[in-house]
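Structural features, examined
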Amino acid sequence: DLITVGATPLVVQAYWAAGGSEWFGDAARAEALVAGWQRAGERCKVAWGGGETPALAGIVEAGRIDLAASCTGLVNPKPRLSLGDKLGPGDAIVLLASSGIHANGLSLARKLVERLPEGYLTPVEPGVSALTYGAALLAPTALYSPVTEALYRAGVVPHYCANITGHGWRKLLRHPAEHTYRIHTLPEVPAVLRFIQHHAQQDDREAYSTLNMGEIGRAHV
């Protein structure tokens with residue numbers, strides 16, 4: 001959300017709410033979470049400004065954890081601010097590929113496990129690879145602030161950016177102005193999303209209105 005308006009992320013605070021303090025008692029799991037968080041910060045050149053790990057018994061289900069965060073950034077220089085006011089006819093639409101499910105559609109993904117005879121161990125591409133459904137869902141989410149920072153250094157300031165999260169590709173219509181959007185080249189749909197669409201018996205309209213289907217953001221330049 002922060003980078004879509006042209007801001008550079010500076011500091012991120014973690015808020016990891018668990019169903020009980022015992023969640024953090026699994027040292028290997030807790031250390032893996034911290035290590036992954038640290039790698040993400042290093043990749044995006046963002047400082048970890050602390051945070052909180054509350055135990056919310058009765059609010060968060062026992063044995064589960066809710067991972068959240070807030071981020072502070074800076075728009076500098078001011079002309080880098082991108083709110084969509086420069087969006088207009090003739091702008092090119094650039095799509096950024098996703099690495100998998102990312103953060104939307106996970107409730108459907110978990111519910112789908114109940115239909116699978118092998119659960120999370122079900123192969124996503126039988127006969128093609130040994131990748132399991134569970135492993136595919138855990139694929140690291142692509143991080144995009146390195147892309148937006150590289151665009152700025154190259155002198156490219158997008159006229160409008162949008163992240164494809166909830167409601168899938170319907171977010172392409174998020175800008176309030178009336179425009180016609182023509183997309184002639186679609187990104188390849190990750191295997192795990194094809195798998196979910198097939199087993200959830202979704203047609204293309206429903207799938208593209210729920211999942212990112214291989215594309216997590218767009219920019220008009």
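Scroll up for the structure.
Let us look at the structure shown here. (Residues numbered from 1 in each chain as written. Predicted model: local features only at pLDDT ≥ 70, side-chain atom pairs only at ≥ 80, totals over all residues. Heavy atoms only, no water.)

Quick notes on the packing of aromatic side chains
Rules: Stacked, tilted and edge-to-face are the three classes applied to pairs of Phe, Tyr and Trp rings, where Trp contributes its six-membered ring and a pair requires centres within 6.5 Å; stacked means planes under 30 degrees apart, edge-to-face means over 60, and tilted covers the rest. Partly exposed residues are those whose accessible area sits between 20% and 50% of the maximum for their type, while under 20% is buried and over 50% is exposed, using a 1.4 Å probe and protein chains only. A run of H or I in DSSP counts as a helix once it spans at least four residues, and a run of E counts as a strand once it spans at least two, with each numbered from the N terminus. For a Lys NZ or an Arg CZ to count as sitting over a ring, it must be within 6 Å of the ring centre and within 35 degrees of the ring normal.
Tallying each qualifying case throughout the model produces 7 aromatic pairs. Plain terms: the ring middles of W23 and F24 are 5.2 Å apart, the flat faces sit at 70° to each other, and that makes the pair edge-to-face. Residue F24 is classed as partly exposed on the basis of its relative accessible area, which comes to 27%. Taking 5.3 Å as the distance between ring centres and 80° as the angle between the ring planes, the aromatic pair formed by W169 and Y208 counts as edge-to-face. Placement of W169 in the loop between strand 5 (160-163) and helix 5 (191-199) and of Y208 in helix 6 (residues 204-208) is noted, with a sequence separation of 39 residues between them. Positioned over the ring face of W23 is R29, at 4.1 Å from the centre of the ring. Sitting over the ring of Y152, R80 keeps its end group 4.5 Å from the ring centre.

Points about the sheet that holds strand 2 (residues 47-52)
Counted only if it meets this: Here, strands pair whenever DSSP counts at least two bridges between them. Every axis corresponds to a line fitted to the C-alpha atoms, with the helix fit spanning only the stretch in contact, and the corresponding angles, defined between N-to-C directions, vary from 0 to 180 degrees. We call two residues in contact when some of their heavy atoms are within 4.5 Å.
Pairing within the open sheet is mixed, and its 3 strands lie in the order 2-1-3. Every interior strand has two partners, whereas the edge strands, strand 2 and strand 3 (65-74), have only one. Averaged over neighbouring strand pairs, the angle between their axes works out to 20° when direction is ignored. Relative to the sheet, helix 1 (residues 27-44) contacts strand 1 (8-18), strand 2 and strand 3, its axis offset from that of strand 1 by approximately 165°.

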